[in-house]
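The lines below spell out each chain.
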Amino acid sequence: MLFNSAPFLFAFLPLVLAGFALARRMGWRPAMAFLTLASIVFYAWWNPAYAWPLAVSIIANFAFGQAIARTRETAWGGAVLALGVAANLAFLGVFKYERFFAESVAPLLGLIIESHRLDLPLGVSFFTFTQIAYLVDVRRKLAQDGDALSYTLFVTFFPHLIAGPIIHHKEMMPQFRQPRRQTSASENLVAGLSLFAIGLFKKAVIADWVASYVAPGFGAAASGQELNLLAAWGCALAYTVQIYFDFSGYSDMAVGLARLFGIDLPVNFNSPYKSTSIIEFWRRWHMTLSRFLRDYLYFPLGGGRCGPVRRHVNLMIVMALGGLWHGAAWTFVAWGCLHGLMLVANHLWREVRPSGPGRSEVIAGWVLTQILVVVAWVFFRAPNFASALIVLKGMAGLSGLTGGEVKVAWDGLFLSLALMAVCVLAPNSQEIMQATEPGLEPVARPERFAWKPTTGWAWALAAMLACSVMTLWRTSEFLYYQF
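Keep in mind it's a predicted model, so treat the numbers as computed, not measured.

### A word on a nonpolar patch on the surface
No. 1: On the surface, Phe101, Leu108, Leu109, Leu111, Ile113, Trp330, Phe385 and Leu389 cluster together into a nonpolar patch covering about 780 Å² of accessible area.
No. 2: In this structure, Leu109 sits in the loop between helix H4 (77-105) and helix H5 (124-139).

### Concerning the packing of helix H11 (residues 229-260) against helix H18 (residues 410-425)
No. 1: It is the contact of H11 with H18, at a shortest axis distance of 9 Å, that shows an interaxial angle of 40 degrees. In terms of orientation, H11 and H18 fall into the oblique class. Viewed along their axes, H11 and H18 form a crossing whose handedness is left-handed. Contacts between H11 and H18 involve Leu230, Trp233, Gly234, Leu237, Ala238, Thr240, Val241, Tyr244 and Phe245 on the former and, on the latter, Trp410, Leu413, Ser416, Leu417, Leu419, Met420 and Cys423.
No. 2: Across the contact of H11 with H18, the residue classes break down as 13 nonpolar, three polar and no charged.

### Focus on helix H3 (residues 52-71)
No. 1: Look at H3: 28 Å from first C-alpha to last across 20 residues, which is about the 28 Å you get at 1.5 Å a residue.
No. 2: Burial in H3 covers these residues: Pro53, Leu54, Ser57, Ile58, Asn61, Phe62, Phe64, Gly65, Gln66, Ile68, Ala69 and Thr71.
No. 3: Buried-residue contacts for H3 involve helix H2 (28-44), H4, H5, helix H6 (148-156) and helix H7 (158-161).

### Things to note about the domain arrangement of the protein
No. 1: Entries for the protein in the domain assignment read domain 1 (6-178) and domain 2 (186-276 + 357-481).
No. 2: Each of domain 1 and domain 2 was reduced to a C-alpha centroid, and the two centroids are 28 Å apart.
No. 3: The interface is formed by 27 residues belonging to domain 1 together with 21 residues belonging to domain 2.
No. 4: In total, domain 1 and domain 2 occlude about 2,000 Å² of area from one another, counting both sides; carbon and sulfur atoms represent 79% of this.
No. 5: Applying the counting criterion to the domain 1 and domain 2 interface returns zero salt bridges.
No. 6: Where domain 1 touches domain 2, the interface holds one residue pair in polar contact (both at pLDDT 80 or more).
No. 7: Only helix H1 (6-26), H2, H7 and helix H8 (169-177) provide two or more residues apiece to the side of domain 1 that touches domain 2.
No. 8: Looking at the side of domain 1 that touches domain 2 element by element, the count peaks at eight residues for H1.
No. 9: Looking at the side of domain 1 that touches domain 2 residue by residue, the class counts come to 22 nonpolar, four polar and one charged.

### Focus: unusual backbone geometry
Among all residues except glycine, the phi angle is most often negative; among peptide bonds, the trans geometry is most common.
No. 1: Of note, the phi angle at Lys141 is positive, near 65 degrees, even though the residue is not glycine.
No. 2: Within the fold, Lys141 resides in the loop between H5 and H6.
No. 3: Positive phi, normally seen in glycine, also occurs at Phe449, with a value near 65 degrees.
No. 4: Structurally, Phe449 is set in the loop between helix H19 (429-432) and helix H20 (455-469).

### Digging into the environment of Lys274
No. 1: Within the element layout of this structure, Lys274 appears in the loop between H11 and helix H12 (278-284).
No. 2: Residue classification places Lys274 among the partly exposed residues on the basis of a relative accessible area of 22%.
No. 3: Distance from Lys274 to Ala426, taken between C-alpha atoms, is 9.8 Å for residues 152 residues apart in sequence.
No. 4: Once you skip the residues sitting within four places of it in the chain, Lys274 turns out to touch Glu280, Arg284, Trp366, Cys423, Val424, Ala426, Pro427 and Glu431.
No. 5: A distance of 3.1 Å separates a polar atom in the side chain of Lys274 from the backbone oxygen of Ala426.

### What about the nonpolar core?
No. 1: Membership of the largest hydrophobic core comes to 139 residues, with the highest contact counts inside it found for Phe8, Tyr273 and Trp377.
No. 2: Among the domains, domain 1 (6-178) and domain 2 (186-276 + 357-481) are the pair contributing at least three residues each to this core.
No. 3: Residues contacting Phe8, with those up to four places away along its chain left out, are Met1, Leu2, Phe3, Leu13, Pro14, Phe42, Phe158, Phe196 and Leu257.

### What about the confidence of the model for the protein?
Note that predicted coordinates carrying low pLDDT should not be read in detail.
No. 1: Predicted confidence across the protein gives a mean pLDDT of 88, with 96% of residues reaching 70 or more.
No. 2: Averaged over each element, pLDDT in the protein is lowest for H8 (80) and highest for H12 (94).

Calculation criteria
- Residues numbered from 1 in each chain as written.
- Predicted model: local features only at pLDDT ≥ 70, side-chain atom pairs only at ≥ 80, totals over all residues.
- Heavy atoms only, no water.
- Patch = residues over 30% accessible without salt bridge, like charges linked within 9 Å, V, L, I, M, F, W, Y side chains within 5 Å.
- Areas by Shrake-Rupley, 256 points an atom, 1.4 Å probe, with all protein chains shown as cover.
- Salt bridge = Lys/Arg side-chain N within 4 Å of Asp/Glu carboxyl O.
- Helix = DSSP H or I, 4+ residues; strand = E, 2+ residues; numbered from the N terminus.
- Axes fitted to C-alpha atoms, helices over the stretch in contact; angles between N-to-C directions.
- Parallel < 35°, antiparallel > 145°, perpendicular 65-115°, else oblique.
- Left-handed = near helix turned anticlockwise from the far one by under 90°.
- Contact = heavy atoms within 4.5 Å.
- Nonpolar A, V, L, I, M, F, W, Y, C, P; charged D, E, K, R; others polar.
- Expected span 1.5 Å × (residues − 1).
- Buried < 20%, exposed > 50% of the residue type's maximum accessible area, 1.4 Å probe, protein only.
- Domains from an automatic or database assignment.
- Buried area = accessible area lost by both parts, 1.4 Å probe.
- Polar contact = N/O pair within 3.5 Å; in protein donor to acceptor, adjacent residues only side chain to side chain.
- Core = buried A, V, L, I, M, F, W, Y, C linked by side-chain atoms within 4.5 Å.
- pLDDT = per-residue confidence, 0-100.

Here it is as structure tokens:
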């Protein structure tokens, strides 16, 4: 079920809020049971027949968690954890990478394997990563759960189930046992609905509007047509703002929805296009994925403890696998490797630079960072290397300035630049809503556009919600929906 669909907005969400309020009167555990049931309905809405992989994953990982807890003081503890992680990776490999391996990797190895083209369960990457982190945390004595109900809710809680944020057991379970916020239901409703309205506006109005300028350019490149300089930059910039408003909009909605039930999720975005370096970009973009890759892949590989060469090799491995996590295609691997190379270069630059950057260097760093991010997004969006290279050739000016079959969408180019300016100059959603303490981590209060419980803000958010609802006739999926 999509957050931006009429069934969710006008049926599922009101019914779940009403049912939760009634269950809450009977106690927190009945409310948890109700939320768990509602989350399962939310997931199975897409296709009940394809809900079984989620059920199998939850049962298996709960059992692995119990086994790891019982054996972690013995010599078998590490082996049980390794088996649990391997089972999760095999699960992910079967559903997400079976076709990629059969059609792209096997031929390179001289093998002939027939692909079964399995349907990809919704959110498989997110709920698999969430549970791998849980198993590792059980081994590290940071988590343990003998309650099947609370564990099922931890995995299935519908605001984060499909596309994150990726949560940790240790930060959610205390809330599932007892709500962290003891504020009134009306305060949670105001805070949650306000953030949800902002997120829905970002997705339904802005991201879907800009998307109309993305498809023509990348579609032309996929058919082999050359793109001139402005057309190529136009579609690349449009995708740059589309993916930001699409995914950050989803994350805002997820945090807002969780708050409706008195639960806080981690914040996932912190104005990444304000970054003046690639290192800073990855501290601001998809923050919960960066945290997962750092804690459960980069550190176990040795991190920076084994010398500078090993550190840079580890960075490349993490980013390449991070790219592959986003999609089963070589273009995603290329995107990850590009960011890995940029991170390595950024770290090397910091090591040789004698002092902190001045104002001009900060500005130059911001410009260079944004150009590199936009260029890398081309591989993320393009269906194959051939079309990505056509777009990049156009961006380099090798296909002419304004000629060619693909015309420049001037309105799309100006719109993309204006939205980039908003991303850079305006406070983000969490900062705007700072007075309501959104998410798990504290955020800074902006000098301007700070939300207040006033009539003016109520009208502004109502107008955003109304504009979003008027777009429901063309409900579209989120870009991260199938990751």
